[in-house]
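Residues per chain, in single letters:
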Amino acid sequence: MSDIGHNNPPMDPKETIQKNIDRKKPILDRDPQYFNSIPLPSWIELSLIDNCNRSCSFCPKSDLSIAPNTHQMMDEILINKLFEDLKKINYEGAFCFCGYGEPMLHKNVLKYANILGKLGGVEIITNGDTLNEKKLIEIYSSKTTRLLISLYDGEHQLIKFKKMIKASGIPNDFVILRDRWYSDKVDFGVKLTNRVGTIQIGKQNEIDKTRKCYYTSYQVLIDWNGDVFLCPQDWQRRVSMGNIMQRSFFDIWNGKILNKYRKIHQTNRNINPCTSCNANGDVYGEKHFKAWNKFYNKNN
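The notes below deal with the structure included here. Small disclaimer: the values here were computed from a predicted structure and weren't measured.

Description of the packing of aromatic side chains
Thought 1: Scanning the entire structure with this criterion turns up 10 aromatic pairs.
Thought 2: Both rings, one in Y100 and one in W235, keep their centres 5.0 Å apart while their planes meet at 70°; by these two values the pair is edge-to-face. Linking Y100 in the loop between β4 (94-97) and α4 (109-116) with W235 in the loop between β9 (227-229) and β10 (242-243), this pair joins segments that are 135 residues apart in sequence. You'll find Y100 and W235 in the same group, each marked buried.
Thought 3: Following the ring pairs from residue to residue traces out a cluster consisting of W253, W292, F295 and Y296.
Thought 4: Over the ring of F83 we find K118, and its NZ or CZ is 6.0 Å from the ring centre.
Thought 5: The residue whose ring lies beneath R262 is W253, and the NZ or CZ to ring-centre distance is 4.3 Å.

Focus: the pattern of salt bridges
Thought 1: Counting across every chain of the model gives 12 salt bridges.
Thought 2: For D31, the salt bridge is made with K287, and the minimal N-O distance between the two is 3.0 Å. Of the two residues, D31 sits in the loop between α2 (13-28) and β1 (34-35) while K287 sits in helix α10 (residues 286-299), which places them 256 residues apart along the sequence.
Thought 3: On the accessibility criterion, D31 (53% relative accessible area) is exposed.
Thought 4: Residue class for K287 comes out partly exposed when judged on its relative accessible area of 41%.
Thought 5: K111 is the partner of E76 in a salt bridge, and the nearest nitrogen-oxygen pair spans 2.8 Å. With a gap of 35 residues between them, E76 in helix α3 (residues 76-88) and K111 in helix α4 connect regions that are remote in the sequence.
Thought 6: Since its relative accessible area comes to 25%, E76 is described here as partly exposed.
Thought 7: A single salt-bridge network, built from bridges that share partners, covers D50, D223 and R237.

What counts, and at which threshold
Residues numbered from 1 in each chain as written. Predicted model: local features only at pLDDT ≥ 70, side-chain atom pairs only at ≥ 80, totals over all residues. Heavy atoms only, no water. Phe/Tyr/Trp six-rings, centres within 6.5 Å; stacked < 30°, edge-to-face > 60°. Helix = DSSP H or I, 4+ residues; strand = E, 2+ residues; numbered from the N terminus. Buried < 20%, exposed > 50% of the residue type's maximum accessible area, 1.4 Å probe, protein only. Lys NZ or Arg CZ within 6 Å of the ring centre and 35° of its normal. Salt bridge = Lys/Arg side-chain N within 4 Å of Asp/Glu carboxyl O.

Function-wise, these values are silent; they only describe arrangement.
Next comes the structure, spelled out in structure tokens:
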């Protein structure tokens with residue numbers, strides 16, 4: 001039996017998922033911020049790099065025909081443009097570095113965290129493969145507010161990273177270790193979705209086109225080249241809402257394409273690519289969803 005087994009109670013993947021939900025709810029379910037009477041997002045996810053050093057069976061990166069590693073990286077010019085756009089609308093939400101690749105593979109990940117961290121909290125989600133004591137200290141010394149490490153190999157990684165965290169001297173609550181090493185019988189310890197029809201492994205929810213979806217009410221995903229997408233579920237990047245380098249963030253957020261999807265999502269998801277999505281789109285963002293509903297009812 002491992003040391004983890006001796007010193008800790010058995011881990012429950014459902015408990016890990018619930019802890020993740022509880023962590024994000026205060027950020028994503030807060031009262032909406034407004035600019036010119038328009039509800040603003042509370043969460044902006046950035047895909048800094050289109051590359052991952054792992055290939056997990058429940059991730060589209062395991063299929064090169066769907067999500068190949070292109071090694072394209074987000075440029076600092078784009079980060080600065082986004083910063084200026086958000087500063088103009090007094091954005092007070094949070095950022096997440098994750099998206100379609102492993103963010104710690106980007107050489108400027110902490111530089112970008114320091115830029116955007118002037119506006120709001122910055123979370124980094126990583127598989128931990130690039131981390132050591134020195135890197136942990138560098139991350140903690142930046143404007144990164146939380147580091148989440150997904151552990152895919154087994155319980156022994158808990159021992160490894162707990163020792164690393166202790167040796168680095170950084171606070172324990174700065175890092176969240178997420179157990180993700182389980183088998184397909186318990187959905188690998190993650191909240192499985194089909195990533196808009198690209199992943200079928202494990203027990204998947206049925207697709208229900210009549211379900212509402214809150215994603216477009218409270219967040220967006222920005223790809224390495226500035227393309228803005230509906231949410232982190234659309235791994236095939238089917239429909240771009242616009243590009244940060246061509247238009248302002250606010251114009252995209254309140255633009256015709258995103259509003260079209262947002263209005264439909266008020267009652268259903270019967271629009272491509274959402275017709276192929278089985279994600280629970282109502283876990284977060286209810287207050288933002290209601291704010292947009294009120295806005296559309298008032299202006300129709």
